[in-house]
Amino acid sequence: MTHVPNGAAATGPYALDIDPKRAGWAYCSLRVVEIAAGGSHLFATGGSEWIVLPLSGGCTVHTEGGIIELLGRESVFGEVTDFAYVPRDAHVQIASGAGGRFALAGAKCERRLPARYGPAPEVPVESRGSGTCSREVRNFASADAFDCDRLIAVEVVTPGGNWSSYPPHKHDEHRPGVEAELEEIYYFEIEAPGGREGFGYQRVFPSREGGTDVLAEVRTGDAVLVPDGWHGPSVAQPGHAMYYLNVMAGPGQEREWRICFHPDHTEGYR
């Protein structure tokens, strides 16, 4: 299943639980856990490295005999958040006094790096694109911003009515210096001003015969898996900003984000 509607991959405490087995690939995972006020969540990292990313609310992350305090945020459409990195082969407790929703972005890995705090002021934020293709990119765990073994993760906020993930691009081949092979998960939330539910669209189309081909209407809590293919645009409904979390990892010896733009869509839009 390439488009995962809200609730379709819920298991146990997780509103969303995508692991390599369910996705049919080798590296990327994404979980979303909702913690009630005064509650906590325990998990073992296994053979993956993870980032605990507040979507709403704050928490404390207990691991490796230490505590990482996360201030978090009110919502993904507000400020950039702080986050915590936790290593493979560890046990983690997330506790939240006021409650909240937290994304766990993970990737199978080899190296065991130390647990660390990611301060919000150190997250590189960039405006990408122009006009109706402009969006805000929060590079909290991009390949050149925060050290991980394989995991790459960024957030994107697209104003209502705009296109992002445009021009369409791909990263499904290993071509040194040109393109890196990366699996990818898109997780979506759509702003709901005045309580009015919104939606968006996500396109993935084949880069090779028999490749991934989907046009999905996405709503809050949905995910789209990109094992291969050209992906983009991500289209936000007018009046409703679109948020997505991108989680990526692949087999390359170098942790790098190298993409190839579709040659028919590049003029003036990068």
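Because the structure is predicted, anything quoted here is derived from the model rather than measured. (Residues numbered from 1 in each chain as written. Predicted model: local features only at pLDDT ≥ 70, side-chain atom pairs only at ≥ 80, totals over all residues. Heavy atoms only, no water.)

## Quick look at the nonpolar core
Counting residues in hydrophobic clusters, the biggest one holds 36 residues, and the most contacted among them are Leu 16, Ile 18, Leu 30, Ile 51, Phe 140, Ile 185 and Leu 245. Non-local contacts of Leu 30, meaning those with residues more than four positions away in its chain, are made with Leu 16, Asp 17, Ile 18, Ala 103, Leu 104, Ala 105, Ile 185, Tyr 187, Leu 245 and Val 247. Ranked by size, the runner-up nonpolar core spans 16 residues in total, among them Trp 50, Val 61, Leu 70 and Val 86. (Core = buried A, V, L, I, M, F, W, Y, C linked by side-chain atoms within 4.5 Å. Buried < 20%, exposed > 50% of the residue type's maximum accessible area, 1.4 Å probe, protein only. Contact = heavy atoms within 4.5 Å.)

## Details of the pairing of strand S7 (residues 83–86)
Of the two faces of S7, both are covered, the one formed by Phe 83 and Tyr 85 as well as the one formed by Ala 84 and Val 86. Sheet topology note: the S7/strand S10 (residues 116–118) ladder contains three bridges and is antiparallel. Note that in S10 the partner of Ala 84 across the bridge is Tyr 117. (Helix = DSSP H or I, 4+ residues; strand = E, 2+ residues; numbered from the N terminus. Pairing = 2+ DSSP bridges.)

## Some remarks on the packing of aromatic side chains
The tally for this structure, following the rule as stated, stands at nine aromatic pairs. On the basis of an interplanar angle of 75 degrees and a centroid distance of 6.0 Å, the ring pair of Phe 43 and Trp 50 is categorised as edge-to-face. When the centroid spacing of 5.3 Å and the interplanar angle of 65 degrees are considered together, the rings of Phe 83 and Phe 140 count as edge-to-face. On the criterion of sequence distance, the pair formed by Phe 83 in strand S7 and Phe 140 in strand S12 (residues 135–141) is long-range, its members being 57 residues apart. Owing to a relative accessible area of 2%, Phe 83 belongs among the buried residues under this scheme. The exposure class of Phe 140 is buried, given its relative accessible area of 4%. What links up through ring pairs into an aromatic cluster is the set Phe 83, Tyr 85, Phe 140 and Phe 146. A cation over a ring is seen here: Arg 116 above Tyr 85, with NZ or CZ 4.5 Å from the ring centre. In this structure, Lys 170 is placed above the aromatic ring of Trp 230, and the distance from its NZ or CZ to the ring centre is 5.8 Å. (Phe/Tyr/Trp six-rings, centres within 6.5 Å; stacked < 30°, edge-to-face > 60°. Lys NZ or Arg CZ within 6 Å of the ring centre and 35° of its normal.)

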